[in-house]
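A structural walkthrough
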Number of protein chains: 2
Amino acid sequence: MTGARITIFVCVTCRVPIEGDENDFETPGGELAAAIEARLRDAGASSIEVRPVECLSVCKRPCTIAFAGQDKWTYVVGGLDAKSHAAEIVATAQRFAATEDGIIPWKERPLSFRKGVIARIPPETYRMTEKTE
Amino acid sequence: MTGARITIFVCVTCRVPIEGDENDFETPGGELAAAIEARLRDAGASSIEVRPVECLSVCKRPCTIAFAGQDKWTYVVGGLDAKSHAAEIVATAQRFAATEDGIIPWKERPLSFRKGVIARIPPETYRMTEKTE
């Protein structure tokens, strides 16, 4: 399943307060999406697509993204930024693509993924008798 | 689209602390799933399926559920219990089924849905140029 098609949804409406000005915000999701895309190109990971999204309704943990793929659990992950996390996001997406069901063993999860999971949603094919760790 | 097939995933591993005993928990997700199923049967809503899930990775906002359907946004909603919210959950699922894309207008959202959304994930068909409100 290494070559499975994966989508990384990136919220481009997440607002991050600008320090020193409580009424002003920046929206760094676009920069994060571009950073992930650049790294995917460098890695030749053409089966992983970055798709910008208007609001994943998380808002309190910018930036937020989601990993999704056919017959896999979808993972929503927050607290990410372009400078610190683009490389880990690409590594996570590649590991996610290689799983059968989207569940990456805990020990193989980058730190930003371990700390940042906000929710996960099972695939349509899921039934609870499956082993899900 | 009123008759669209909808899945309500219900986390049955969400733990709720038992008052007066900080080391003990109950797991009321199973009760919530049963309460929703009973109301769906009463409503004759056979196209809406309740599916128990081992952990939606929300944990801090028990109980947690997700509304999902073909070509629709998936919504993860927390802070729910069988006694207070089963009726609103069924109403939300029916309204969700009737939408084209899973987006229920704000004014038509029950209070538990307005307050409880933890995340939403776009369908595979989503592209950002779409109107998403």
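For the structure given in this document, a descriptive report is provided here. The structure presented is a predicted model; accordingly, all values stated were derived computationally and were not measured.

Turning to the sheet that holds strand β7 (residues 117–121) of chain A, a few remarks are in order. Residues and elements named next belong to chain A. Reading across from one edge, β4-β1-β5-β6-β7 is the order of the five strands in this open sheet, with mixed pairing throughout. A strand with exactly one partner marks an edge of an open sheet, and here the two such strands are β4 (48–53) and β7. Each strand axis lies, on average, 20 degrees off the axis of its neighbour in the sheet, ignoring direction. In terms of strand pairing, strand β1 (residues 6–11) meets strand β5 (residues 65–69) through five bridges, oriented antiparallel. Note on β5: the bridge partner recorded for isoleucine 6 is glycine 69. Seen against the sheet, helix α1 (residues 29–43) touches β1, β4 and β5 and runs at an angle of roughly 155 degrees to β1.

Right, let's get into unusual backbone geometry. A cis geometry characterises the amide bond from A:Pro62 onward to A:Cys63, with omega recorded as -20 degrees. Secondary-structure assignment places A:Cys63 in the loop between β4 and β5. One non-glycine residue with positive phi stands out, namely B:Cys55, at about 75 degrees. Inspection of the secondary structure puts B:Cys55 in the loop between β4 (48–53) and β5 (65–69). Phi is positive for B:Ser57, which is not a glycine, with a value near 60 degrees. Tracing the sequence through the fold places B:Ser57 in the loop between β4 and β5.

This part covers the relation of the copies chain B and chain A. Expressed as a screw transformation, the operator carrying chain B onto chain A has a rotation angle of 180 degrees and an axial translation of 0.0 Å, and the superposed copies differ by an RMSD of 0.0 Å. The two molecules are tied by a two-fold rotation axis, judged by turn and shift. Both copies contact each other with a shared surface, as 100% of the interface residues of chain B are interface residues in chain A too.

All right, on to the packing of helix α1 (residues 29–43) of chain B against helix α2 (residues 82–98) of chain B then. All names here are of chain B. Packing of α1 against α2 brings their axes to within 9 Å, and their N-to-C directions diverge by 50 degrees. The pairing of α1 with α2 is recorded here as oblique in orientation. In the packing of α1 onto α2, the handedness of the crossing is right-handed. Of α2, the residues touching α1 (which contributes Glu31, Leu32, Ala35, Ile36, Arg39, Leu40 and Ala43) are Ala82, Lys83, Ala86, Ala87, Ile89, Val90 and Gln94.

Analysis parameters
- Residues numbered from 1 in each chain as written.
- Chains lettered and ligands numbered in written order.
- Predicted model: local features only at pLDDT ≥ 70, side-chain atom pairs only at ≥ 80, totals over all residues.
- Heavy atoms only, no water.
- Pairing = 2+ DSSP bridges.
- Helix = DSSP H or I, 4+ residues; strand = E, 2+ residues; numbered from the N terminus.
- Axes fitted to C-alpha atoms, helices over the stretch in contact; angles between N-to-C directions.
- Contact = heavy atoms within 4.5 Å.
- Least-squares fit on C-alpha atoms with pLDDT ≥ 70 in both.
- Parallel < 35°, antiparallel > 145°, perpendicular 65-115°, else oblique.
- Left-handed = near helix turned anticlockwise from the far one by under 90°.

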